[in-house]
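# Structural features, examined
Here is how the chains run, residue by residue.
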Amino acid sequence: MAHLSARADTAYDNAYHDKLRGRMWRALEGTAYDDRHDSGEPPGFVMSNPFPPRDMDEGDERKLLVASPDEELLANVAADLLEDPELNIGEMPFHVEDVTSLAPDVGEPGSRGTIETGTGLLVRIPPWRCEEYDIDHPGGDTAVFWQPEHTTEPLVEQLESNLDQKHDLFAHDHLPGPSDVEGDLFDGFELLKTFAVPVTVTEGQEMTYVLSKWKFDYTVRDDHHRRHLNLALDCGLGERNSLGLGFLNVTDRTRPSESELEGRDALA
């Protein structure tokens with residue numbers, strides 16, 4: 001977590017994504033992670049927005065979270081932010097006051113909780129799968145942004161497929177991935193909103209992305225399920241995580257009761 005202070009009075013800039021991405025890659029320049037830039041694969045990290053997201057007076061405090069399954073990657077980012085504490089995110093100028101470490105975890109098997117998408121979730125349906133889901137496709141090679149009328153089936157399948165890819169890249173490959181085990185990643189889904197936002201995807205190219213925000217309920221079934229949920233916390237869900245999309249927060253968590261733990265031990 002980067003602890004920030006505003007260097008000037010400023011309006012909150014919702015089009016912060018590209019500038020924040022650029023700062024993260026600059027922090028990784030010259031490291032072993034530099035070659036992930038523009039590789040076309042998930043980057044292995046994801047960021048929150050500067051929060052709370054509202055206009056600022058000079059000196060106001062904000063926070064920024066950066067998550068990754070790789071501690072060395074996070075150490076490189078932390079060291080760079082401390083060495084060069086001027087952090088300009090879009091039109092928002094900050095000074096990095098401090099960096100602290102966190103260890104988010106969905107909890108041991110039997111834990112229940114809620115995960116919220118702290119930033120928008122980008123899910124696109126490939127053109128070759130649109131017919132399978134009865135989704136009208138305009139033609140060509142363009143993917144279709146997920147929207148509520150498409151139902152949750154393509155959303156869930158695309159999220160799992162994307163997390164499988166991240167598991168192959170960043171998890172122990174001798175362990176089963178999300179699609180290798182029985183059971184769903186989440187127990188329930190609550191759509192909070194969908195919205196469109198302009199995003200600079202490459203220099204000089206801006207696209208309008210259709211994003212969605214969700215609450216996901218979960219119950220940790222076993223150690224594999226725990227790993228998969230924590231991987232989602234570390235890498236983000238969906239696409240374009242290097243833009244800060246798909247960042248997740250655990251907003252509620254309940255540990256299993258003593259009787260539940262005793263029952264699991266007896267079964268084991």
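Bear in mind the structure is a predicted one, so any value in this text is a computation, not a measurement.

What follows concerns the pairing of strand β3 (residues 61-64). Residues Arg 62 and Leu 64 line the buried face of β3, whereas the alternating positions Glu 61 and Lys 63 sit on a face that is not buried. Relative to β3, strand β1 (residues 2-6) is paired through 4 bridges, and the arrangement is antiparallel. Bridging from a neighbouring strand, Ala 2 pairs with Leu 64 of β3.

Now for the domain arrangement of the protein chain. When its domains are assigned, the protein chain resolves into domain 1 (2-99) and domain 2 (111-256). Using C-alpha coordinates to define each centre, domain 1 is positioned 22 Å away from domain 2. Listed per partner, the contact involves 20 residues of domain 1 and 25 residues of domain 2. Counting the surface lost from both domain 1 and domain 2, the interface buries some 1800 Å², and carbon and sulfur atoms represent 66% of this. Area buried by domain 1 at its contact with domain 2 is led by His 17, Arg 21 and Pro 42, which between them contribute 33% of it. Viewed at the interface, domain 2 and domain 1 are joined by 0 salt bridges. On inspection of domain 1 and its partner domain 2, the count reaches 2 residue pairs in polar contact (both at pLDDT 80 or more). Listing elements by their share of the side of domain 1 that touches domain 2, those giving two or more residues are α1 (17-28) and β2 (46-47). Counting residues per element, the side of domain 1 that touches domain 2 draws most heavily on α1, which supplies 4 residues. The class makeup of the residues in the side of domain 1 that touches domain 2 is 10 nonpolar, 6 polar and 4 charged.

The end-to-end C-alpha distance of helix α5 (residues 223-235) is 18 Å, a good match for the 18 Å that 13 residues give at a rise of 1.5 Å each. What α5 keeps buried is the set His 225, His 228, Leu 229, Asn 230, Leu 231, Ala 232, Leu 233, Asp 234 and Cys 235. Packed against the buried residues of α5 are β2, β4 (66-67), β7 (112-117), α4 (152-170), β11 (205-219) and β12 (248-254). Where α5 begins, one side-chain oxygen reaches toward the backbone nitrogen of His 224, 3.1 Å away; that side chain belongs to Asp 222. Positive phi appears at Gly 236, one or two residues downstream of α5, with a value of about 90 degrees.

Ranked by internal contacts, the top residues of the largest apolar core, which has 26 residues, are Ile 115, Phe 186, Phe 216 and Leu 237. Contributing elements (two or more residues each) for this core: α4, β11 and α5. Considering every element that reaches this core, the biggest residue donor is α5, with 5 residues. Aside from chain neighbours lying at most four places away, what touches Leu 237 is Leu 121, Leu 159, Asn 162, Lys 166, Phe 186, Phe 216, Ala 232, Leu 245, Gly 246 and Leu 248. Core analysis: the second largest hydrophobic core is formed by 24 residues, Leu 28, Met 56, Val 77 and Val 96 among them.

Procedures and definitions
Residues numbered from 1 in each chain as written. Predicted model: local features only at pLDDT ≥ 70, side-chain atom pairs only at ≥ 80, totals over all residues. Heavy atoms only, no water. Buried < 20%, exposed > 50% of the residue type's maximum accessible area, 1.4 Å probe, protein only. Helix = DSSP H or I, 4+ residues; strand = E, 2+ residues; numbered from the N terminus. Pairing = 2+ DSSP bridges. Domains from an automatic or database assignment. Contact = heavy atoms within 4.5 Å. Buried area = accessible area lost by both parts, 1.4 Å probe. Salt bridge = Lys/Arg side-chain N within 4 Å of Asp/Glu carboxyl O. Polar contact = N/O pair within 3.5 Å; in protein donor to acceptor, adjacent residues only side chain to side chain. Nonpolar A, V, L, I, M, F, W, Y, C, P; charged D, E, K, R; others polar. Expected span 1.5 Å × (residues − 1). Core = buried A, V, L, I, M, F, W, Y, C linked by side-chain atoms within 4.5 Å.

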